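Chain by chain, the residues:
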Amino acid sequence: MSQTHARKVETFTADEARVDWHSAALLALRDKRDLQAKSLPEWEQMRETASRMKLYVLSHLPELLEQFTSNCEANGMEVHWARDAKEHNEIVAGILKERGKKKLVKSKSMLTEEVHLVPHLEKHGIECIETDLGERILQLREEPPSHIVVPAIHLKKEEIGELFHEKIGTQAGASDPTYLTHAARESMRQEFLSADAAMTGVNMAIADEGAFVVCTNEGNADMGAHLPDLHIAVMGMEKLVPDADSAALLMRMLARNATGQPSTSYNSIFGAPRPGCQLHIVIVDNGRSLRMADRRHAEIYKCIRCGACINTCPVYRRGGGHSYDYFIPGPIGLAIAGDNPEANSEAWACTLNGSCNNVCPVKVPLRETIAYHREQLAQQKQLPYHKNAYMPLAGKIFGSPRGLSMAMAAARVGLRIMPQTLQRRIGGWSKSRDFPKPPAESFAHWYRKNRGE
Amino acid sequence: MASKEEFFASLTPSAIEPTPMPEVAVATRDAPLREHFIEVLEGVGGRLGQGDDLGDVKQRAAELVSQNLQVLSLMEGVQGNRDPSAVSDPHELKDVDYTIAPARLAVAENGSVWISGEDLVTRNAVFICEHLIAVVDENRITGTMSEAVRRLGKLGGGWGVFISGPSKTADIEQALVMGAHGARSMTVYVLRGV
């Protein structure tokens, strides 16, 4: 059993100023996203179409996979199949080793985090360089990403300055983002030029073209993929879209919803290897089809990984990405893996406020899926925070009008006479939150007095 | 390692009810597209080239060459000082200061241009350079990404990229910095149509 979310979050919340700074940075992304969404009159129509298009994809996966594969092969690419993480890692290591490759430059891919690819390749003596700046910072810090789009959002520039001073020789004490970014550019340029293989993720795989789209702002995916003679692209099978119109629809939404940009700087469409070079695609299941076999869990695979649900989530903003058990934090991470009994507190790292649902570009029912995980864990008697013990009792008391009214009367008196410092000592919910001021009377009492016959 | 057949055999059927493919509406934008494109281009950190004639691009290329910069021109009729036909490996372009490339389309709503691999001596020519200059005909500006993709038609293999402004990152404290791994600047010349 892993530590509870409430416990893990304490590391981050110990520094209140950092919590406020972190929360504000994410809210700024949310604000920029809102401006972009409002700038398109057809935005809500696009969300509805994108949602239905992804439902079409998820209900027609085998035939779309077939179509994508045969078109990719016709375009000169080689397609591989991985049922799980182990197969994925073996395939990638195999491709690299067969060709004697020693150094791989990688652009960001949540899939490779999911399957723990890098440690596997390093065991085989293959050097892996993360090339997205945020990912590279974390690789040098030997730390996992705390966000799927802005992986180093939890770090201060001074911390990055210190790291770069130690690792790539920037001036001591320097923390200017422009200076640090350009120093990283110079250092990474050498890595790109000396790599003998490149890996990218896939944002959209276009079935009827046998092509795929890779979106970046930094240009790292393209910089990596167009130098060596080998490019491996890895994708979860849910990345499929039927056609280029559908890809264009998602391209119009992805950056707007992620960072509030009208587009990422680069939307690169790969439909063939470079002459004389090889392009391999690895298609991965790794539990996806199993989750999709449960209707109430299945729609998580509509997700396009924009991260907007994470930016808007109050629990994430104030708790940080490292407080979660699953490698994807925030609402989408909870919706994917919140049913894990080993990390049973995850599904409660959520207020069910539904802000995530409101910003999701493909209408993943995030809140409903997280609530479903709670329901399942309750049925399995796997509730966290001693809920197995007290929830049945609470249910009994609150289930009777008389019990409810007595409990509320006691709470009104208790909260009035108990000093706040003592309330905080109760622990749990009240540890980092203040109870609301109790009203003078119950609603039922007020109603009888003011509206009663 | 699984064969394709083993992979398909291992898939559990999706519980999602068979859903028909919706019609994907192609959003359009009204004129003036040139002004719209320029406004968004500048908003994403791109610059508008000075002048709207191929002659202006030629003149700019000549200026850059006279400053002893390495200029790779892939634009017909524009002369740089690097011979595109001599490029046999993309690594050779590591010291290129400016790449000048033709764009087949531009997209007003996001300030991007579509550059096709067919027009480049090697794909990396538009990423590895310090600065990128793209040249597009104003009649090739579309309103939205959806219109652009429609206009491109079937891709049919190959490679191409929509580029919207310079390479950028905000990975250090959300501070926007131009010039992460790709070109530090992007200038687009919008030529008056003929």
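Everything quoted here is computed from the prediction, not taken from an experiment.

What counts and how
Residues numbered from 1 in each chain as written. Chains lettered and ligands numbered in written order. Predicted model: local features only at pLDDT ≥ 70, side-chain atom pairs only at ≥ 80, totals over all residues. Helix = DSSP H or I, 4+ residues; strand = E, 2+ residues; numbered from the N terminus. Rg over C-alpha atoms; globule rule 2.2 N^0.38 Å. Buried ≥ 20, exposed ≤ 12 C-beta atoms within 10 Å, placed from the backbone. Contact = placed C-beta atoms within 7 Å. Pairing = 2+ DSSP bridges. Arc of directions from axis to C-beta. Core = buried A, V, L, I, M, F, W, Y, C linked by C-beta atoms within 7 Å. Axes fitted to C-alpha atoms, helices over the stretch in contact; angles between N-to-C directions. Domains from an automatic or database assignment. pLDDT = per-residue confidence, 0-100. Left-handed = near helix turned anticlockwise from the far one by under 90°. Nonpolar A, V, L, I, M, F, W, Y, C, P; charged D, E, K, R; others polar.

Remarks on the overall build of chain A
Then comes step 1: Along chain A, the regular secondary structure elements total 23 helices and 10 strands.
Then comes step 2: Taken over the C-alpha trace, chain A has a radius of gyration of 25 Å; the compact-globule value for 453 residues is 22 Å, and the two agree within 12%.
Then comes step 3: Along the longest, intermediate and shortest principal axes, the C-alpha atoms of chain A span 85 × 55 × 45 Å.
Then comes step 4: In chain A, which comprises 453 residues, the proportion classed as buried is 49%.

A look at the overall build of chain B
Then comes step 1: For chain B, the count of helices and strands is 4 helices and 11 strands.
Then comes step 2: Dimensions of chain B, computed from the C-alpha atoms along their principal axes, are close to 65 × 45 × 40 Å.
Then comes step 3: Per-residue burial for chain B yields a buried fraction of 49% across its 194 residues.

Topic: the interface of chain A and chain B
Then comes step 1: Taken together, the contact between chain A and chain B spans 75 residues of the former and 64 residues of the latter.
Then comes step 2: Both strand E9 (residues 266–270) of chain A and strand E8 (residues 159–163) of chain B contribute to a ladder of 5 bridges, which runs antiparallel. Within the sheet, the bridge partner assigned to Ser268(A) lies in E8(B) and is Val161(B).

A look at helix H9 (residues 157–168) of chain A
Residue and element names in this part refer to chain A.
Then comes step 1: Along H9, the positions that sit buried rather than exposed are Ile-160, Gly-161 and Phe-164. Projection of H9 onto a plane perpendicular to its axis shows the buried side chains occupying an angular sector of 105 degrees, all on one side. Facing away from the buried side of H9, by more than 90 degrees, are the exposed residues Glu-158 and Glu-166.
Then comes step 2: The elements touched by buried residues of H9 are helix H8 (133–141) and helix H10 (177–194).
Then comes step 3: Trailing H9 by a residue or two, Gly-169 shows a phi angle of about 75 degrees, which is positive.

Digging into the nonpolar core
Then comes step 1: With 179 residues, the main nonpolar core has Ile100(B) and Ala134(B) as its most contacted residues.
Then comes step 2: Each residue touching Ala134(B), except ones within four places of it in the same chain, is listed here: Ala101(B), Ala103(B), Val113(B), Ile115(B), Met186(B) and Val188(B).

Overview of the environment of Ala221(A)
All names here are of chain A.
Then comes step 1: Examined against the element boundaries, Ala-221 turns out to sit in helix H11 (residues 220–225).
Then comes step 2: Note on Ala-221: 31 C-beta atoms within 10 Å, which makes it buried.
Then comes step 3: Separated by 23 residues in the primary sequence, Ala-221 and Ala-198 have C-alpha atoms spaced 8.3 Å apart.
Then comes step 4: Ignoring any residue separated from it by four or fewer positions in sequence, one finds Ala-221 in contact with Ser-107, Thr-200, Val-214, Thr-216 and Ser-268.

Overview of the sheet that holds strand E5 (residues 204–206) of chain A
Then comes step 1: With mixed pairing, 8 strands are arranged side by side in an open sheet as E8(A)-E5(A)-E6(A)-E9(A)-E8(B)-E5(B)-E4(B)-E7(B). A single partner strand is all that each edge strand has here, and the edge strands are strand E8 (240–241) of chain A together with strand E7 (141–142) of chain B.
Then comes step 2: In the sheet, E5(A) pairs with strand E6 (residues 211–216) of chain A via 3 bridges, with the strands oriented antiparallel. The partner of Ile206(A) across the bridge, within E6(A), is Ala211(A).
Then comes step 3: Against the sheet, helix H4 (residues 145–152) of chain B contacts strand E4 (105–107), strand E5 (112–116) and E7 of chain B, and its axis sits at roughly 160 degrees relative to E4(B).

Focus on helix H1 (residues 5–13) of chain A
Residues and elements named next belong to chain A.
Then comes step 1: All of the buried residues in H1 are His-5, Ala-6 and Val-9. Along the axis of H1, the buried residues cluster in a sector spanning 85 degrees; they form a single face. Turned more than 90 degrees from where H1 packs its buried face, Arg-7 and Thr-11 sit exposed.

Side note on the domain arrangement of chain A
Then comes step 1: Its domain assignment divides chain A into domain 1 (40–155 + 196–289) and domain 2 (389–450).
Then comes step 2: Centre-to-centre, using C-alpha coordinates, domain 1 of chain A lies 51 Å away from domain 2 of chain A.

A few points about unusual backbone geometry
Then comes step 1: Look at the link from Ala31(B) to Pro32(B): it is a cis peptide, with omega at 5 degrees.
Then comes step 2: Within the secondary structure layout, Pro32(B) lies in the loop between helix H1 (4–10) and helix H2 (33–43).
Then comes step 3: The phi angle at His116(A) is positive, at roughly 55 degrees, despite the residue not being glycine.
Then comes step 4: One can find His116(A) in the loop between helix H6 (110–114) and helix H7 (117–123).
Then comes step 5: Here the phi dihedral of Tyr385(A) falls at roughly 50 degrees; this positive angle occurs in a residue that is not glycine.
Then comes step 6: Here Tyr385(A) shows up in the loop between helix H19 (366–379) and helix H20 (387–399).

Details of the pairing of strand E3 (residues 127–130) of chain A
Residue and element names in this part refer to chain A.
Then comes step 1: Along E3, the buried face is formed by Cys-128 and Glu-130; none of Glu-127 and Ile-129, which line the opposite face, is buried.
Then comes step 2: Of the strand pairs in this sheet, strand E2 (residues 103–106) and E3 are connected by 4 bridges, and their pairing is parallel. Paired with Lys-103 across the two strands is Glu-127, which belongs to E3.

Structural notes on the pairing of E6(A)
Residue and element names in this part refer to chain A.
Then comes step 1: Extensive coverage of E6 is indicated by the burial of 6 of its 6 residues.
Then comes step 2: Along E6, one buried face is formed by Ala-211, Val-213 and Cys-215 and the opposite face, lined by Phe-212, Val-214 and Thr-216, is buried too.
Then comes step 3: Where E5 folds back onto E6 in an antiparallel hairpin, the turn is made up of 4 residues, including Gly-210, whose phi is positive at roughly 70 degrees.
Then comes step 4: When E6 meets E9, the two strands line up antiparallel, connected through 5 bridges.

Focus: the sheet that holds strand E1 (residues 78–82) of chain A
Residues and elements named next belong to chain A.
Then comes step 1: Spatial ordering of the open sheet is given by E1-E10-E7-E4-E2-E3, a layout of 6 strands whose pairing is parallel. Every interior strand has two partners, whereas the edge strands, E1 and E3, have only one. The sheet shows a mean angle of 20 degrees between the axes of neighbouring strands, taken without regard to direction.
Then comes step 2: Bridging between E1 and strand E10 (residues 278–284) involves 5 bridges; their strand directions are parallel. Of the residues in E10, the one forming a bridge with Ala-82 is Val-284.

Observations concerning the environment of Phe12(A)
All names here are of chain A.
Then comes step 1: Residue position: Phe-12 is located in helix H1.
Then comes step 2: Phe-12 sits in the partly exposed class, given 18 other C-beta atoms within 10 Å.
Then comes step 3: Sequence separation between Phe-12 and Pro-62 is 50 residues, and the spatial gap between their C-alpha atoms is 43 Å.
Then comes step 4: Beyond its immediate chain neighbours, meaning those up to four positions away, Phe-12 contacts Val-19, Gly-319, Gly-320, His-322 and Ser-323.

Here we look at the confidence of the model for chain B
Then comes step 1: Confidence along chain B averages 96 in pLDDT terms, with 99% of residues attaining 70 or more.
Then comes step 2: Prediction confidence for the complex, expressed as pTM and ipTM, is 0.96 and 0.98 respectively.

Describing the packing of H9(A) against H10(A)
All names here are of chain A.
Then comes step 1: Close contact between H9 and H10 brings their axes to 11 Å; oriented N to C, the two are set at 30 degrees. Crossing geometry of H9 relative to H10 is assigned as left-handed. Residues Lys-157, Ile-160, Gly-161, Phe-164 and Ile-168 of H9 form the contact with H10, whose participating residues are Pro-177, Leu-180, Ala-183, Ala-184 and Ser-187.
Then comes step 2: The residue makeup of the contact of H9 with H10, split by class, is 7 nonpolar, 2 polar and 1 charged.

Comments concerning the environment of Val213(A)
Residues and elements named next belong to chain A.
Then comes step 1: Here Val-213 shows up in strand E6.
Then comes step 2: With 25 C-beta atoms packed within 10 Å, Val-213 lands in the buried category.
Then comes step 3: Taking the C-alpha atoms as reference points, Val-213 and Ala-248, 35 residues apart in sequence, are found 9.8 Å from one another.
Then comes step 4: With sequence-adjacent residues up to four places away left out, Val-213 is seen in contact with Asn-203, Met-204, Ala-247, Met-251, Asn-267, Ser-268 and Ile-269.

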